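Chains, contacts and geometry: an overview
What follows is each chain in one-letter form.
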Amino acid sequence: MLKSRQRVYKEAVSHEEAVAIIKAEAGRHFDPAVVAAFIQVHEKFKAIARKYREPGTAVALGD
């Protein structure tokens, strides 16, 4: 499972949770046009993260 990076102020979330948050905040926190563009390419973000992740990082990629 692909996860975001943990921050000092909050735990990491899965890619799917992050996408759900971004969708839910469209028009409030995020520009709806940017969210629409992101939704079209978010799977590419996962592929890039898999390809370039550093070995031994906390990013879980087991889908």
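Residues numbered from 1 in each chain as written. Predicted model: local features only at pLDDT ≥ 70, side-chain atom pairs only at ≥ 80, totals over all residues. Heavy atoms only, no water.

Points about the pattern of salt bridges
Throughout the structure, instances matching the rule amount to 2 salt bridges. For the salt bridge of Glu-16 with Lys-46, the shortest nitrogen-to-oxygen distance reads 3.1 Å. Taken as a pair, Glu-16 in helix H1 (residues 15-24) and Lys-46 in helix H2 (residues 32-52) lie far apart in primary sequence, 30 residues in all. What makes Glu-16 partly exposed here is its relative accessible area of 44%. Taking the shortest distance from any N to any O, the salt bridge between Glu-43 and Lys-46 comes out at 3.8 Å. Of the two residues, Glu-43 and Lys-46 are both situated in helix H2; the distance of 3 residues between them amounts to about one turn of the helix. Overall, the relative accessible area of 46% leaves Glu-43 in the partly exposed class. Residues participating in the shared-partner salt-bridge network are Glu-16, Glu-43 and Lys-46. (Salt bridge = Lys/Arg side-chain N within 4 Å of Asp/Glu carboxyl O. Helix = DSSP H or I, 4+ residues; strand = E, 2+ residues; numbered from the N terminus. Buried < 20%, exposed > 50% of the residue type's maximum accessible area, 1.4 Å probe, protein only.)

Shape is all these values report; function is a separate question.
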